[in-house]
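A structural walkthrough
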Amino acid sequence: MANQTLLLSRRIIPQPTITLSSPRSQAPDESIIKEQVLSIHNYDGRKFNTNFILRIVENILSVKMGIGEEAGVEKLNEVEELINYKQLPSLIRQLSFQIASAGLNSSANNEHSTTIHILRMLCSYDWEDKMVLILAAFSINIIYGLLYCSGHGNIIRLAMAQKLELHLKKKAVVDCTSCVLRLTKCVVELKQTTTPSSNYSTPQSIISALPIATYWIGRSVIATTTYCPSQNDELEELTTSTATILHTFFQELEKKRAEESYEALKRALYYNSSSKSEVFRLMFNVKDGEMLFKDKGLNEWNSTRVALLITQGHHISELRIQFLNFFARHANTRLLWIPIAQNNDASWTTEDEQQFKKLSSKTRFYWLNDPQKMISPQFIRFVKEQLFPYFQIEGEPIIVSLDQQGRIVHPNIMHMMQIWAYQYIEENTFGVEGIYNITALVENELMTGTSSINRVIPEIKDMVRVLVGDIDHKILAWAEDIEKRIQNLIEQSTPYDNEREKFLWQQEPNYSLDLVVGTYHRNVNHRYVMQNWFHTEDYIFLYGGNDINWVREFTSKVHQLASKIQLKVNLAYVGKNKMITSIIDKEKLSHCAFKKSYNVWRFWTRLRSMFLSRIHYLDEINYFDEECNDEILQGLKKLLAYEGKNTRIEGWALLSKGKKIVVCGHGAKILQVINDYEIWKENIATKGFDEAFKDHHEMLTFSSSLKSHSCCALEYSTTLNKIQENEKCPECSYRMHKFVTFTCCHGHDIDS
């Protein structure tokens, strides 16, 4: 207890104000005081090591105020250091003398005049320096009960030394001294120079309050020095007045600290940091040795590839958990779940806690041991200001990818993870190639070049082999060193970044069935890959819609057409309508690719992710504009428009031959092509079934009888950076109407 600095407990004072009534009625009005204090302030830029002096003062006051402990030799040495501080050779002694002298004539007027006199002595210093110097002088009197007279080397003991010793431990004195010390520390920290990149600036209300705050500190110090038991009420009033000022200053200090912490976090996440553990210290309220995620502390994450799964509250669907669990179980990247409370004060309700426990028990990724306690306010602010408004789509979770230094290399890799399999994303494409046949070439060249001297130097062949062997060993050692460097580079980086996403799109030049439904080795996990039940040269119809009559007619006509022309045609319903799925399965109308709700969700969520990621990629290569005719983007638009929430289309179908997409269109038009088989069947012999089907479909596109069609809808999130002003219907090319829709998902992902 004795070595701890005495601090007043924080007082909750309703509607704090800087303007205070004077503690004693005999003292001048506060407005007059402020005017008088300002009149003797003439700061000329001089400075000293404020923090150094304040540290000594804090040590002195904390020791003396401690119960039952006397100042040790080291504290006395600090007092000597304070008195003889080279930048202030005599000023502190003079101030100490003035404060102590006030005790010889204790009255309200004397306290006021002494305070003004002391502030006049300090006119050349800034406000926080005045406060520190006043406390420095006071701390000397506290320790010794002595006065150092200016110009004299000897110590003059005064009668008030015993008086000081008797009353220093009185509660009123301790409270007042502690409050003054806290206010001084608060002002000093508030006025410290902030970092150049900080957005914080001290408000004018705080700047204008500094003169009167300085006055009350001087007045409180003098009142404490002249204390007698009858002055309890005065000291309590002074303490209350100082505490009120402190409360206002402390609130502003907290704002400054929060702003500086926020700026430090932004710099670390965007530009510069030494390690993930350093970034985590800014993101989370956690100490060294304390477990952060499950059984891992701060430093244990430095060598681990991580991505932050950030959710809006605890809103994460069962279907998405299933997908993320698969990723967390197999990928070489750890997912760290961070739920961000949506309340303004970031507080958790009992329902939040129950929901967190319920969901965390179903996950295979890491989560914070105590999210409510550990997530720092500056990280919550960062997520709400820097991430959610720009990278979150309709309340869905986002996954932020970090490099080994903890910097953000991709603000949301959720779409990348949905489009391509983790093996394909994490595949190592670096390596040393084409150097291991060099030695054979060298040996051949050396043998050829020395063939004419074989007879005169018979051992030349052995010499060549030895030389080639040395070269071979050096090349192998060099290659091993390069491979190690590559491996270290891979371990110190992450494939889940913007450059990797760009590279992956560059490997997808065409709109193909592989891209739509995925392939096991490249795109998706095996649960819903459809190539496991058809051959690459088969004709495939993917279809969807909400009209069971259309579905029955379409599937029947396709089977009849396949029988006529002796072709193997596969049918797969991929629509979202669960009732139609069950009817198709029951009546065996076609292959039903997606019997499980997870596979339906995965298919359409993946296409939607592909759509959003493709827009980002096209924008990165400066290809996305109002006239963008990118084949992949246009194909995705058509599929998503057919199955949008506000679509009222009865049916649609996509025909492909192996990987090649032949045609994708409105159900009525596709059905008309099949019904018109007798018209275009003659073209099959010369063009093939697929081209003949496509040509007749294109002809019908321009037919007036099929120009109209039921409504389809293409949905963009308002948080998407790039949204075209004018969108054409993917079916008829008419300009689509634009609506603003507010959708509530009731705490669940939009697609679930």
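Residues numbered from 1 in each chain as written. Predicted model: local features only at pLDDT ≥ 70, side-chain atom pairs only at ≥ 80, totals over all residues. Heavy atoms only, no water.

**Concerning the overall build of the protein**
This is how it is decided: In this description a helix means any DSSP run of H or I spanning at least four residues, a strand means any run of E spanning at least two, and both kinds are numbered starting from the N terminus. Burial here depends on accessible area, computed with a 1.4 Å probe over protein chains only, as a share of the maximum for the residue type. Under 20% is buried, over 50% is exposed, and the range in between is partly exposed. Any pair of residues with heavy atoms lying within 4.5 Å of one another is described as a contacting pair.
Counting its secondary structure elements, the protein contains 29 helices and eleven strands. Expressed as a percentage of the 752 residues in the protein, the buried residues total 52%. Within the protein, contacts between residues separated by at least 24 positions form 75% of all contacts whose residues are at least 6 apart in sequence.

**Thoughts on the environment of Thr202**
Here Thr202 lies in the loop between α8 (171-191) and α9 (204-225). Since its relative accessible area comes to 25%, Thr202 is described here as partly exposed. Sequence separation between Thr202 and Leu190 is twelve residues; the distance between their C-alpha atoms is 7.8 Å. When near neighbours in sequence (up to four residues on either side) are disregarded, Thr202 contacts Leu190 and Ile207.

**Re the sheet that holds strand β8 (residues 539-544)**
The cut-off we apply is this: Between any two strands, pairing holds if DSSP finds at least two bridges. Helix axes are fitted only over the stretch in contact, all axes being lines through C-alpha atoms; the angle between N-to-C directions runs from 0 to 180 degrees.
Spatial strand order, β9-β8-β10-β11: four strands in an open sheet with mixed pairing. The sheet terminates laterally at β9 (569-573) and β11 (660-666), the two strands that pair on one side only. Taking the axes of each pair of neighbouring strands and ignoring which way they run, one obtains an average angle of 20° across the sheet. Inspection of the sheet shows strand β10 (residues 652-657) paired to β11 by six bridges, in the antiparallel sense. Following the sheet pairing, Ala653 is matched in β11 by Gly665. This element, helix α29 (residues 689-701), spans β8, β10 and β11 of the sheet and lies at about 30° to β11.

**Some details on the environment of Glu698**
With respect to the element layout, Glu698 can be found in helix α29. Along the primary structure Glu698 and Val663 are separated by 35 residues, whereas in three dimensions their C-alpha atoms are 9.0 Å apart.

**Let's talk about the packing of aromatic side chains**
Our working definition: Geometry of aromatic contacts follows a simple scheme: Phe, Tyr and Trp rings, the Trp one being its six-membered ring, pair when their centres are within 6.5 Å, and the pair is stacked under 30 degrees between planes, edge-to-face over 60, tilted otherwise. Put simply, a charge is over a ring when the Lys NZ or the Arg CZ is close to the ring centre, within 6 Å, and near the line of the ring normal, within 35 degrees.
This structure, assessed with the given rule, holds 34 aromatic pairs. Aromatic side chains Trp420 and Trp505 sit 5.2 Å apart centroid to centroid with 75° between the ring planes, which places their arrangement in the edge-to-face category. Pair noted here: Trp420 is in the loop between α16 (414-419) and α17 (422-426) and Trp505 is in helix α20 (residues 498-506), with a separation of 85 residues, a long-range link. We note that Trp420, like Trp505, is buried. Their ring planes at 80° and their centres at 5.0 Å tell us that Tyr539 and Phe689 sit as a pair that is edge-to-face. Taken as a pair, Tyr539 in strand β8 and Phe689 in helix α29 lie far apart in primary sequence, 150 residues in all. The residue whose ring lies beneath Lys130 is Trp127, and the NZ or CZ to ring-centre distance is 5.1 Å.

**Description of the pairing of strand β6 (residues 398-402)**
For β6, the buried fraction is high: five of the five residues fall into the buried class. Neither face of β6 is left uncovered, since the one carrying Ile398, Val400 and Leu402 and the one carrying Ile399 and Ser401 both have all their residues buried. In the sheet, strand β3 (residues 306-312) pairs with β6 via four bridges, with the strands oriented antiparallel. The residue bridging Leu308 from the neighbouring strand is Val400, located in β6. Sheet topology note: the β6/strand β7 (residues 408-410) ladder contains two bridges and is antiparallel. Of the residues in β7, the one forming a bridge with Ser401 is His410.

**A closer look at the environment of His666**
Relative to the elements of secondary structure, His666 occurs in strand β11. C-alpha of His666 to C-alpha of Leu654: the two residues are twelve residues apart in sequence and 9.1 Å apart in space.

**Some thoughts on the confidence of the model for the protein**
For clarity, the cut-off: pLDDT is a per-residue confidence score from the predictor, ranging from 0 to 100.
Scored by pLDDT, the protein has a mean of 80; 80% of the residues are at 70 or more. Here residues 146-164 is modelled with pLDDT under 50, and outside its nearest four sequence neighbours on either side it reaches 29 contacts, counting other chains as well. Scored below 50 in pLDDT, residues 747-752 shows 22 contacts in the model against residues more than four places distant or in partner chains.

**Here's the deal with the pairing of β11**
The element β11 is largely enclosed, with a buried count of six among its seven residues. If you look at the hairpin formed by β10 and β11, you'll find two residues sitting between the two strands, and Gly658 has a positive phi there, around 65°.

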